[in-house]
Amino acid sequence: MNTQVQSTPTAVPKVASAWRAWIVPLLYVVGWFVLYSRLESATVALMRWLSAASGMAATSPLFGAVSFFVFEVPKVLMLLALIVFVVGVIQTFFTPEKTRAILAGKRQGVGNVLAASLGIVTPFCSCSAVPLFIGFLTAGVPLGVTFSFLVSAPMVNEVALALLFGLFGWKIAAIYLGLGLAVAIAAGLVIGRMNPVNLVEAWVFDIASVSNAEARLGWDTRFAQGWKHVRDIVLKVAPYIVAGVGVGAWIHGYVPQDFMAHLMGKGRWWSVPLAVLIGVPMYSNAAGIIPVVQALLGKGAALGTTLAFMMAVTALSFPEFMILKKVMKPRLIALFAAVVAAGIIVVGYVFNAVM
């Protein structure tokens, strides 16, 4: 009798605690949708007031640039705040240890497809490149499979796809997903066939593989991880977004449409390689470059050329190469960059030809 009396109260707080964990996230999502639905009307009202107060003509380039900036900065930041929260919760199900365990021992081909697909739901940034590279190799993941993941994770992650969906619709997001996976898989297959293991620093293979037991997390812990992602990532990425929207606003307001159509249009054979060359030295993430992509498309740039530019910015950044230099010899980094760049250029040409 005593056991029954004592066991009943302990079950109720657990259920109540589980429900309490969902209350704040649900209110957050509802409030987000309410604010997001009113963003456009608020921007129109603000620009109407600003135009009347300053005498700025609604048809002027300055008005177009300011309007683009005022609307896009909160829009992208709001999209990012929601997406990053969801991604932070999802990441609690896809830890680096679990990812390594899934890919360990997988053969070329199947392993490349699986690695590229896992890159979508494990949005690790370039700062994670070295520990992930080491962890994958010491866990028995083939070199080519590892490279498929390294290409896919920064380029085809959930943040990029969700922002593309929110700004351009599902077709553009699906196209980018398919192209990004194709580049990641192909790059991993090519490097895997070459198998340049001798170009990996020898000390990498001397590190013992570490196996960490996965803890079962409650929803309160998972949501706490989501809030942590919002605090850490949104604040970190916000300057890139403001800068990206600023560039996009300048393009939107002041760059003639004929100029962008000439520079990045379908009819120029050199437009895709040029877009890739321009994109490589630009260090940004998907959240920061998407407003620029939006402005380029609005000015007549070809979709294939523009997506190739975005892929180059996110997958072929100099800072990531400097980080990878700790574990790879320069020849392997050059091979990696050349293979990925070639894949991006082919994708740009093909897409421009069929669209």
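Quantities reported herein were computed from a predicted structural model and do not represent experimental measurements.

The rules behind the values
- Residues numbered from 1 in each chain as written.
- Predicted model: local features only at pLDDT ≥ 70, side-chain atom pairs only at ≥ 80, totals over all residues.
- Heavy atoms only, no water.
- Core = buried A, V, L, I, M, F, W, Y, C linked by side-chain atoms within 4.5 Å.
- Buried < 20%, exposed > 50% of the residue type's maximum accessible area, 1.4 Å probe, protein only.
- Helix = DSSP H or I, 4+ residues; strand = E, 2+ residues; numbered from the N terminus.
- Contact = heavy atoms within 4.5 Å.
- Axes fitted to C-alpha atoms, helices over the stretch in contact; angles between N-to-C directions.
- Parallel < 35°, antiparallel > 145°, perpendicular 65-115°, else oblique.
- Left-handed = near helix turned anticlockwise from the far one by under 90°.
- Nonpolar A, V, L, I, M, F, W, Y, C, P; charged D, E, K, R; others polar.
- pLDDT = per-residue confidence, 0-100.

## Considerations on the nonpolar core
Stage number 1. With 89 residues, the main nonpolar core has Phe133, Phe147, Met328 and Val340 as its most contacted residues.
Stage number 2. Top contributing element to this core by residue count: helix α3 (residues 61-91), with 13 residues.
Stage number 3. Judged by nonpolar contacts, the second largest core, of nine residues, contains Ala115, Leu118, Leu132 and Val145.

## Examining the environment of Pro196
Stage number 1. Tracing the backbone through its elements, the reader meets Pro196 in the loop between α9 (170-194) and α10 (219-254).
Stage number 2. What makes Pro196 buried here is its relative accessible area of 7%.
Stage number 3. Taking the C-alpha atoms as reference, Pro196 lies 9.5 Å from Leu335; in sequence the two are 139 residues apart.
Stage number 4. Those residues within four positions of Pro196 in sequence are excluded, and the remaining contacts are Leu143, Ile191, Leu332 and Leu335.

## Points about the packing of helix α7 (residues 143-155) against α9
Stage number 1. In the contact formed by α7 and α9, the axes pass within 7 Å of each other and the chain directions differ by 155°. Relative to α9, the element α7 lies roughly antiparallel. Our pair here, α7 against α9, has a crossing hand that is right-handed. From α7, Gly144, Phe147, Ser148, Val151, Ser152 and Met155 reach across to α9, where they touch Tyr176, Gly180, Leu181, Val183, Ala184, Ile185, Ala187, Gly188, Ile191 and Gly192.
Stage number 2. Residue classes in the contact of α7 with α9 are distributed as 10 nonpolar, six polar and no charged.

## With respect to the confidence of the model for the protein
Stage number 1. Looking at the protein as a whole, its pLDDT mean stands at 77, while 80% of the residues score no less than 70.
Stage number 2. Mean pLDDT in the protein bottoms out at helix α4 (residues 96-103), which sits at 65, and peaks at helix α2 (residues 39-54), which reaches 88.
Stage number 3. The low-confidence segment residues 1-12 (pLDDT under 50) makes zero contacts with residues lying over four places distant or belonging to another chain.
Stage number 4. Note on residues 208-214: pLDDT under 50 across the span, and five contacts to partners over four residues away in sequence or across chains.

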